[in-house]
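What follows is the residue order along each chain.
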Amino acid sequence: MQRDAERENANAMQDAGIVQITTDPEQYLRYLNCQADNPSYSAGNVALVMVQDASATIFGTKERWKSLSRSVLASEERNGTKIFTRSTFGKGYVLTDVFDIRQTSGRDLKHTMLQPDSKEMAAALSALINYSVVPIVTESTLPLPALYDPDQMRLAINPNYADQEAFAGIAVEITHARFHGKGYNANYSRGDYELDAQSVGYMICRRFGIPAEAPDTSNLTALYEGYEPQDRRQALHEMQNMAQKIGGSIERAITPQTRLRGNPSRSR
C-alpha cells in the first residue's frame, strides 16, 4: 500500500511538473537546460526531478555516479529524488533514487566542448548535416546560416557563416525538416513547430558548448492550451528524443566513446 501511495504521489508530481514547464516560460527554459545536461533522461523524469529539487543540474543513480568515478556523499544518501525506471524483474516501472552532482564527490566530469576550426567541429557539423532527411543545397546569398523550405522540402545552407553560428542554425533547421517528416506530418507548419525546433537546437548546442539564443517562449502558454498532462509530456518527449538522437550521432562522430551525462533512457 505504501509503495502504491508513493507511485501515485510521484505520478501527481510528474504531471504537475510537466504542466508547470509548459505554462511558465522561466520553468520551460530551466527544463531545457536540465534536459540538455541530462540528455538520456526522459522528459517526465527531468520534470519529476525539477519538482523535487529546485537546484538540480546533473543527476544520476549511485551506479551511474560510480561509473563516472564519483560517489554519493554519506550525508546525502537519504536525500535522493525519485524517478521512474524500468523494473529489473518483469515489466513495469519502479521508483529509483537519483542524486544531483552537488550531492556527490570524486573525479570532475568531462564535458564535450566543440571549438571553432577544429577537427572535432568539422566532424560534428558533418554528422549534423548527415542527419538531414531532405536534400541540402548551398545558398551563399541566404541571410541566415540555414533555412528549411517545407514547400520544396530541402535545406539551404549558407557556407559563409562561422562554425558556431552554422552549427546553431543548422541544428534548428534540420529539426524542422525532421518534424515535417518528408511531408508525412500533415499537421506541420513552421509557426506551430518553431518553439519545438528552437528548443531541440538549443539543447543540442548546450550539450556541445555552442552559444545559442534561448528559444522565444512568448507563445508557450497558448501553444499548450487545452493539452492534458500526458499530451504535454509526449510533446516534450518528442523533443528530448530528437535532441538525444542527433546529439548521440554527433558524440559518436567526434569521440570513440560516447560520454552521456545521465542514466540510460529506460525511463518513464
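Look a little higher up for the structure.
In this text the structure is predicted, and so the values were computed from the model without any measurement.

Visitor: Before we go on, may I ask you to explain the packing of helix 2 (residues 25-37) against helix 3 (residues 43-52) in this structure?
Guide: Relative placement of two packed helices is described by the angle separating their axes and the distance separating the axes. Running from amino to carboxyl end, helix 2 crosses helix 3 at an angle of 115°, the nearest separation of the two axes being 10 Å. In this structure, the crossing between helix 2 and helix 3 has a hand that is right-handed. Facing Gln27, Arg30, Tyr31, Cys34 and Gln35 of helix 2, the residues of helix 3 in contact are Ala43, Val46 and Met50. When its residues are assigned to classes, the contact of helix 2 with helix 3 shows 5 nonpolar, 2 polar and 1 charged.

Visitor: Explain the nonpolar core to me, please; I cannot follow it from the model alone.
Guide: It is characteristic of soluble globular proteins that their nonpolar side chains tend to be buried jointly. Ranked by internal contacts, the top residues of the largest apolar core, which has 57 residues, are Phe167, Leu236 and Ile250. Within the second largest apolar cluster, 5 residues are counted, among which are Ile58, Trp65, Phe99 and Leu109.

Visitor: Mind showing me how you'd approach the sheet that holds strand 6 (residues 136-138) here?
Guide: Hydrogen bonds along the backbone pair up the strands of a sheet, which may run parallel or antiparallel. A sheet is described by the order of its strands in space; here 3 strands give the open sequence 6-8-7, paired in mixed fashion. Of all the strands in the sheet, just strand 6 and strand 7 (146-149) have a single pairing partner and so form its edges. Taken over all neighbouring pairs, the strand axes of this sheet differ in orientation by 25° on average, direction set aside. In terms of strand pairing, strand 7 meets strand 8 (residues 154-157) through 4 bridges, oriented antiparallel. The residue of strand 8 that forms the bridge with Asp149 is Arg154. Helix-sheet contacts for helix 6 (residues 163-180) involve strand 7 and strand 8, and the interaxial angle to strand 7 is about 10°.

Visitor: How should the packing of helix 5 (residues 119-130) against helix 6 be read in this particular structure?
Guide: Axis separation between helix 5 and helix 6 bottoms out at 10 Å; the angle between their running directions is 20°. One way to sum up the angle between helix 5 and helix 6 is to call them roughly parallel. Taken as a pair, helix 5 and helix 6 cross one another with a handedness that is left-handed. When helix 5 is examined against helix 6, the residues Met121, Ala124, Leu125, Leu128 and Ile129 are found in contact with a partner set consisting of Asp163, Gln164, Ala166, Phe167, Ile170, Ala171 and Ile174. Considered class by class, the residues forming the contact of helix 5 with helix 6 number 10 nonpolar, 1 polar and 1 charged.

Thresholds, definitions, all that
- Residues numbered from 1 in each chain as written.
- Predicted model: local features only at pLDDT ≥ 70, side-chain atom pairs only at ≥ 80, totals over all residues.
- Heavy atoms only, no water.
- Axes fitted to C-alpha atoms, helices over the stretch in contact; angles between N-to-C directions.
- Helix = DSSP H or I, 4+ residues; strand = E, 2+ residues; numbered from the N terminus.
- Left-handed = near helix turned anticlockwise from the far one by under 90°.
- Contact = heavy atoms within 4.5 Å.
- Nonpolar A, V, L, I, M, F, W, Y, C, P; charged D, E, K, R; others polar.
- Core = buried A, V, L, I, M, F, W, Y, C linked by side-chain atoms within 4.5 Å.
- Buried < 20%, exposed > 50% of the residue type's maximum accessible area, 1.4 Å probe, protein only.
- Pairing = 2+ DSSP bridges.
- Parallel < 35°, antiparallel > 145°, perpendicular 65-115°, else oblique.

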